[in-house]
Amino acid sequence: MESTLSRLNEVQYLQMFAATISSDKKLGEKYLLKNIGALEDIERKSDLQEIKPAIDFNLGRAYVYAALMEEQAHNNGQASRYMKSAQNLFQSLGWSDSTEETLKTVATRELDKWRIPPQTKESGK
Amino acid sequence: MTRATKILYFAALLIGLSIGGFFSFRNTTRFLDVSHDVQRQTAPWVLRDFAYIQYRNADHEHANAALLTYANFLEEFQKTYPENPQKGDLAVVYTRLALLEDAANNQEQSRTYMTKARFWYSPIVGGRELSDSEMKFAVNKMDARMQ
């Protein structure tokens, strides 16, 4: 139980970090790829087979964040490579609809949770 | 500075450092305990979110596997940490498993899951038994709100 909890903690931390930095262009460019690397390491090393699909899901979602980020930077080739990696993972998780549109919707919904709303003059008072 | 003053200052320094060290250690340990407790509470959310998203988007086999993994994990968690009750979550997960079986027309398996769902749900409502359809209705309503 302790080893599962510890692995889940790592994934949770990386997932929250990925979602938070993805809402900021500069931070995203700097840290998102490192974050994906860390998730890939956990996925490769994972001795806990029962939580491997959950790790794959979080990795897939991080690929979609990276695709969105590259798309914004007009790096369309890299964006479609990330999207393809994400689609492969989501298909392996049994998703019948792993179209770009669906994956972007799922990722954006998560990103919106972590996005800090811009401060208006009224709220700053 | 006389010898006595030096000894007095040195003793004051030692006492100050010891007291400061003690309180600092106690505060740090308390912080680490709280941090560990919070992590233990929130770590299962990875599996909870994954199971729900799979339930909404994946095929029967994969959604079923994700929900069962979460249910087994919660039962184990409940045994290991009885001070952190997971009964409500377990009731919801088993109800979702039953709804999944309903969709696949496996009525017998659905009833088995609902028996488990009711087992975990009953204590929360203070003895009032809910029917299978009431529980399924509640979970469906909750899921519709989360959409």
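In every chain, residue numbers begin from 1 and rise along the written sequence. Chains carry letters and ligands carry numbers; both start at the beginning, A for chains and 1 for ligands, and go up in the order they are written. Confidence filtering applies because this is a predicted model: local features only for residues at pLDDT of at least 70, side-chain atom pairs given and counted only at 80 or more, and all residues used for totals across whole chains, interfaces and linings. Side-chain calculation: all heavy atoms of the structure are included, whereas hydrogens and water are not.

Our focus in this paragraph is the overall build of chain B. Going along the chain from the N terminus, every DSSP run of H or I of four or more residues is numbered as a helix, and every run of E of two or more is numbered as a strand. Assigned secondary structure in chain B consists of six helices and zero strands. Shown N-terminal to C-terminal, the secondary structure of chain B runs as helices and strands in the order α-α-α-α-α-α. Out of the 147 residues belonging to chain B, those deemed buried represent 33%. Contacts are residue-level and defined by heavy atoms, with any inter-residue pair within 4.5 Å sufficient. Of the contacts formed within chain B by residues at least 6 apart in sequence, a portion of 53% connects residues at least 24 apart. Only protein chains enter the accessibility calculation, which uses a 1.4 Å probe; a residue is then buried when its area is under 20% of its type maximum, exposed when over 50%, and partly exposed in between.

As a further point, take the interface of chain A and chain B. Contact with chain A, which involves 20 residues of that partner, is made by 22 residues of chain B. Carbon and sulfur atoms supply 66% of the area that chain A and chain B bury against each other, a total of about 1800 Å² over both sides. Criterion for a salt bridge: a side-chain nitrogen of Lys or Arg within 4 Å of a carboxyl oxygen of Asp or Glu. Inspection of the region where chain A meets chain B yields zero salt bridges. Counting residues per element, the ones that place at least two in the side of chain A that touches chain B are helix H1 (2–22) and helix H3 (52–72) of chain A. If one sorts the elements of the side of chain A that touches chain B by residue count, H1(A) sits on top with seven residues. For this classification, Asp, Glu, Lys and Arg are treated as charged, while Ala, Val, Leu, Ile, Met, Phe, Trp, Tyr, Cys and Pro are nonpolar and the rest, including Gly, are polar. The class makeup of the residues in the side of chain A that touches chain B is 10 nonpolar, seven polar and three charged. Two parts placed together each lose some accessible area under a 1.4 Å probe, and the buried area is that loss summed for both.

All right, on to the side chain of B:Lys136 then. Following the sequence through the fold, B:Lys136 ends up in helix H6 (residues 132–146). By relative accessible area, which is 15% here, B:Lys136 ends up buried.

Moving on to unusual backbone geometry. All names here are of chain A. For His74, which is not glycine, the phi dihedral falls at a positive 60°. Turning to its location among the elements, His74 is positioned in the loop between H3 and helix H4 (76–92). His74 sits in the exposed class, given a relative accessible area of 68%.

Here a cavity denotes a set of grid points, spaced 1 Å apart and computed over the protein atoms alone, in which a 1.4 Å probe fits but from which it cannot get out, and a pocket denotes an open set meeting protein on both sides within 12 Å along at least five of seven lines; residues with an atom within 4 Å of a point are reported as lining. Grid points are joined across faces, edges and corners, and a volume is the space filled by probe spheres set on the points. If you add up the space inside the largest pocket, you get close to 570 Å³. If you trace the largest pocket, you find 22 residues lining it, with A:Lys113, B:Asp49, B:Tyr52, B:Ile53 and B:Met146 closest to the centre. For the lining of the largest pocket, the secondary-structure elements that each account for two or more residues are helix H5 (100–114) of chain A together with helix H2 (44–57), helix H4 (87–103) and H6 of chain B. Top element by residues in the lining of the largest pocket is H2(B). It accounts for seven residues. Tallied by class, the residues present in the lining of the largest pocket amount to nine nonpolar, four polar and nine charged.

All right, on to the confidence of the model for chain A then. Segments scoring low in pLDDT should not have their predicted coordinates read at a detailed level. For every residue, the predictor states its confidence as a pLDDT score lying anywhere from 0 to 100. Mean pLDDT over chain A works out to 83, with 90% of the residues at or above the 70 mark. Averaged over each element, pLDDT in chain A is lowest for helix H6 (residues 121–124) of chain A (52) and highest for H4(A) (94).

Moving on, we get to the packing of H1(A) against H2(B). Put simply, H1(A) and H2(B) touch, their axes get as near as 7 Å, and they point 70° apart. As the angle between them shows, H1(A) and H2(B) are arranged roughly perpendicular. Taking contact as the criterion, the partners of A:Leu5, A:Leu8, A:Val11 and A:Gln12 in H1(A) are, on H2(B), B:Pro44, B:Trp45, B:Val46 and B:Leu47. Here the contact of H1(A) with H2(B) is built from residues that sort into seven nonpolar, one polar and no charged. Orientation is described by axes fitted as lines to C-alpha atoms, over the contacting stretch for helices, and by angles from 0 to 180 degrees between their N-to-C directions. We call two directions roughly parallel when the angle between them is under 35 degrees, roughly antiparallel when it is over 145, roughly perpendicular when it lies between 65 and 115, and oblique otherwise.

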